[in-house]
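Read off the chains here:
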Amino acid sequence: MSEDFKCLSCDKANYKLIEKAKNEKIETVWDRAEAMQPQCGFGEMGLCCTNCSMGPCRIVKVSEDGPKKGICGADEDTIAARNLARSIAAGSSAHSDHGRDIAHALYNAAKNPESGYKVKNPEKLISLAKEWGISTENLDIKDIAAKVAETALQEFGKPFGHLRFVDRAPEDRIDIWKKMNVVPRAIDRDIVEVLHSTHIGCDADYRNIMVAATRAALSDGWGGSMIGTELSDILFGVPEPHEIEANLGVFKEDEVNLVIHGHEPTLSEAILVAVNDPELVELAKKQGAEGINLVGMCCTGNEIAMRHGIPMAGNFFQQELAIITGAVDAMVVDVQCIMPALSQVAKCYHTKLITTSPKAKIPGAIHMQFNEEEAIESAKKIVREAVSNFKNRRGNILIPQEKSKGFVGYSNEAIINALDGVANSVAHPMGTVKPLADAIKSGVLRGAAAIVGCNNHKVLHDKGHEELAKELIKNDVLVVTTGCGAYACIKEGLMSKEATKFCGKGLATVCELVKIPPVLHMGSCVDISRILLLLSELAKFMNVDIKDLPAAGAAPEWMSEKALSIGTYVVASGVYTMLGVAPQVTGSENLTRFLTDDIKDIYGGCFDIEANPQKAAEKIIDHIEKKRKSLNI
Ligand code: CUV
Ligand code: SF4
């Protein structure tokens, strides 16, 4: 029976729960996706404009008849480009606002002992202060933290100059950005400029619209996201390899199950402290539970798995299923990728859905505002709410057996040290990429590819990630992954020691020699900034630009605006990027050609679209081999 769900997901853990949902008449993402068919063709092609109240306007492409221009005269290129640019700006804003919150938390760590935040990695703090030209003489760690936090916050709105992290890119790359006028200046400014220039009656030139959009995207990758990652490492520690369990089988029948879902480690780190509070553990026991089982979901799950070995319960498409187990006592959420549907599902069980951010409230959920100025106290209140709900369980619990083991936590520091033969230590913040470069030059590794991004009903759940990853490692391409792609890979066993059985000879040898899995978990979506840095270091070491490296990116199941921002900054950083789902631009042939072809001549990277993972892998491998040839390796 449950085999019928093979066409919805390739993760067996989900089948029993989808069946349970059906029996209990609970609607899931797959039901809503079906009910949505056929989806709007104008929207699908990016040809619907609602930028002003003379609209909505839509461009008819399927027949000769029908409007070819909006009421203001905007054509398909303008409309599609404006829509795309606004999505990129929204994606950049999400990552960057996350980065800003981390900077505020660092400031709290420095100035506000009540917050409970502390600098966990002073070495990384000092090294960033030096990089930013902040004098550390006679200053204690807290003072340095305050200065670094303030400087980071200035990056959002400084009136002159460009973003500090831009200087981390290879020189050739910066030159291209200068020539194209896309050097990110100040994060908020670059995002606002997209909103302004796409207002009715402003920019109508699709290529120029893409200039502003690219700058906003770069201010995410080399700005907001990088600030998010670097300051999170300073505050909460640089990730190191941890062996963890993943998938919906991580729930425990006899413990309080608390899911932390969303994005910002400011919340999840405080929740982690709170669940270990002896008083709250005692309270759990009084309720009849054996303890408190904290598990993560989506990107915040990636963050605490990387730093603390907390189990990863599931990715974007599993959020409803987690509650449908009947075993979740509370799902605590902050921002991004939280389906509003959760409150309806939670109502069918005893589960408390707790929203915590003023930026994201959901009707039907309990709102308990997380106060970063008293982070730990605030988190304890939330955990108390979860614990006290254990006694309200209604039976009818189904925890799937399925769970996998794997190693997570490959920050650049951890990767470099592993390849260097330094076991489990991130003591020297940025060693040398020589061993990685050597392995690539010698051809033992053909190259590297990043598999990132979400889940999307347009692709069989998890299959896009898994199949692509397997095909690449079979061909000696080292895979790094973040986001929901990381969940798919660990669930499929690709982060375990045994995963070498899927590898080609070269990659298997490297993995066995330095004891790493062939698919490296590099974190959350904001941590794609780690990948930028790794590429940048590798390019500098090999005396080339990022575009010359035998490397590629892929987002086989992407869906979010954040993914569009990521894709754009990655392409503008010189990376060939494969999408499993077409962006909503295909109504404009010019824009589509620009993104998949013309852009190559400008940035060296481009988008490609291929839904079939086997074919996508072939194209990526082909690209990698071409780059090797040009490098004469
Ligand atoms: Ni930020 S953006 S669905 S959680 S990766 Fe997962 Fe990752 Fe996409 Fe969201
Ligand atoms: Fe229509 Fe132009 Fe207004 Fe868009 S901006 S809704 S195309 S009139």
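Residues numbered from 1 in each chain as written. Chains lettered and ligands numbered in written order. Predicted model: local features only at pLDDT ≥ 70, side-chain atom pairs only at ≥ 80, totals over all residues. Heavy atoms only, no water.

## Things to note about helix α20 (residues 505–514)
In step 1: Burial in α20 covers these residues: G506, L507, A508, V510, C511 and V514.
In step 2: Packed against the buried residues of α20 are α16 (412–419), α18 (463–474) and β12 (477–482).
In step 3: One or two residues past the end of α20 sits K515, with phi positive at roughly 55 degrees. (Buried < 20%, exposed > 50% of the residue type's maximum accessible area, 1.4 Å probe, protein only. Helix = DSSP H or I, 4+ residues; strand = E, 2+ residues; numbered from the N terminus. Contact = heavy atoms within 4.5 Å.)

## Regarding the domain arrangement of the protein
In step 1: We note that the domain assignment places domain 1 (2–58), domain 2 (78–236), domain 3 (248–392) and domain 4 (409–428 + 430–631) within the protein.
In step 2: Domain 2 and domain 3 are separated by 29 Å when their C-alpha centres are compared.
In step 3: The interface of domain 2 with domain 3 comprises 18 residues on the first partner and 16 residues on the second.
In step 4: Of the roughly 1300 Å² buried at the junction of domain 2 and domain 3 (both faces included), carbon and sulfur atoms supply 49%.
In step 5: Looking at the side of domain 2 facing domain 3, the largest losses of area belong to H98, Y117 and F236, adding up to 39% of the total buried there.
In step 6: At the junction of domain 2 and domain 3, the tally comes to 3 salt bridges.
In step 7: Mapped onto the side of domain 2 that touches domain 3, the elements with two or more residues apiece are α4 (76–111) and α9 (206–236).
In step 8: At 8 residues, the largest contribution of residues to the side of domain 2 that touches domain 3 is made by α4. (Domains from an automatic or database assignment. Buried area = accessible area lost by both parts, 1.4 Å probe. Salt bridge = Lys/Arg side-chain N within 4 Å of Asp/Glu carboxyl O.)

## Section: the packing of aromatic side chains
In step 1: Applying the stated rule across the entire model yields 6 aromatic pairs.
In step 2: Note on Y117 and F236: the rings are 6.1 Å apart at their centroids and 70 degrees apart in plane angle, and the pair reads as edge-to-face. Placement of Y117 in the loop between α4 and α5 (122–131) and of F236 in helix α9 is noted, with a sequence separation of 119 residues between them. In terms of burial, Y117 and F236 fall into one category: buried. (Phe/Tyr/Trp six-rings, centres within 6.5 Å; stacked < 30°, edge-to-face > 60°.)

## Digging into the UniProt feature "binding site: [4Fe-4S] cluster 2" (unreviewed entry) in the protein
In step 1: Sites flagged by UniProt as "binding site: [4Fe-4S] cluster 2" (unreviewed entry) map to C49, C52, C57 and C72. These annotated residues cover 24 residues of sequence, and their C-alpha atoms all fall within 10.8 Å of one another, placing them together at a single site.
In step 2: Within the element layout of this structure, C49 appears in strand β1 (residues 48–49).
In step 3: For C49, a relative accessible area of 8% puts it in the buried group.
In step 4: Not counting residues within four places of it along the chain, the set of residues in contact with C49 comprises G55, P56, C57, I79 and R82.
In step 5: Here C57 lies in strand β2 (residues 57–58).
In step 6: If we skip the residues at most four places from it in the chain, C57 touches L47, C48, C49, G70 and I71. (UniProt positions renumbered as here; feature names shortened; annotations may be inferred.)

## Section: the site of ligand 2
In step 1: The local shell around ligand 2 consists of C49, N51, C52, M54, G55, C57, G70, I71, C72, I79, R82 and I200.
In step 2: Its residues assigned to classes, the shell around ligand 2 comprises 8 nonpolar, 3 polar and 1 charged.
In step 3: Residue assignment places the shell around ligand 2 across two domains, with domain 1 (2–58) and domain 2 (78–236) each supplying three or more. (Near = heavy atom within 4 Å. Nonpolar A, V, L, I, M, F, W, Y, C, P; charged D, E, K, R; others polar.)

## Describing the site of ligand 1
In step 1: The environment of ligand 1 is made up of 13 residues, and the closest members are H263, C299, C337, C454 and C484.
In step 2: The set of elements that each furnish at least two residues to the shell around ligand 1 consists of α12 (298–308) and α19 (483–491).
In step 3: When residues of the shell around ligand 1 are assigned to domains, at least three fall in each of domain 3 (248–392) and domain 4 (409–428 + 430–631).

## Thoughts on the coordination of the nickel atom of ligand 1
In step 1: Here the nickel atom of ligand 1 is held by the protein donor atoms H263 (NE2), C299 (SG) and C525 (SG), which lie 2.3 to 2.6 Å from it.
In step 2: Read from N- to C-terminus, the donor residues coordinating the nickel atom of ligand 1 fall into the pattern H-x35-C-x225-C. Residue C299 is located in helix α12, and its partner C525 is located in the loop between β13 (519–523) and α21 (528–541); the two are separated by 226 residues in the primary sequence. Note on accessibility: C299 and C525 belong to one class, buried. (Donors = N, O, S within 2.8 Å, 3.2 Å for Na, K, Ca; no water.)

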